[in-house]
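Okay, here's what each chain looks like letter by letter:
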Amino acid sequence: MRRLLGLALATATLAGVSAVGAATAQAATYPAISAEECTTQGGTVNQGGPYRGPTCTFPDGHSERIT
């Protein structure tokens, strides 16, 4: 009985940790913006390449994809 209870508690703990990690990872991503919004906010539009779409590089160094 104790072994079963311990297993259930361990499973619940792992599920909680993975849910928190997923929420944190999603909160850390930047949303896609338009090219006009990019330049308005002081960013530089990069056209990308054949396998990569256009991106916006901001003065603080982070990039976002352009929709």
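Bear in mind that the values here come from a model prediction, so they are computed numbers and not experimental data. (Residues numbered from 1 in each chain as written. Predicted model: local features only at pLDDT ≥ 70, side-chain atom pairs only at ≥ 80, totals over all residues. Heavy atoms only, no water.)

J.: In this structure, what is going on with the confidence of the model for the protein chain? I would like to understand it.
T.: The predicted coordinates should not be examined in detail at positions where pLDDT is low. Taken as a whole, the protein chain shows an average pLDDT of 79; of its residues, 60% reach a score of 70 or greater. Within the protein chain, helix α1 (residues 2–28) has the poorest average pLDDT of any element, 62, and strand β1 (residues 44–46) the best, 95. (pLDDT = per-residue confidence, 0-100. Helix = DSSP H or I, 4+ residues; strand = E, 2+ residues; numbered from the N terminus.)

J.: When you look at the sheet that holds β1 in this model, what are you seeing that I'm missing?
T.: Two pairing modes exist for strands in a sheet, parallel and antiparallel, and in both the strands are linked by backbone hydrogen bonds. The three strands are arranged β1-β2-β3 in an open sheet whose pairing can be described as antiparallel. The open sheet has two free edges, formed respectively by β1 and β3 (63–65), since each of these has just one partner strand. If you compare each strand with its neighbour and ignore which way they point, the axes differ by 30° on average. Both β1 and strand β2 (residues 55–57) contribute to a ladder of three bridges, which runs antiparallel. Its bridge partner lying in β2, V45 is registered against C56. (Pairing = 2+ DSSP bridges. Axes fitted to C-alpha atoms, helices over the stretch in contact; angles between N-to-C directions.)

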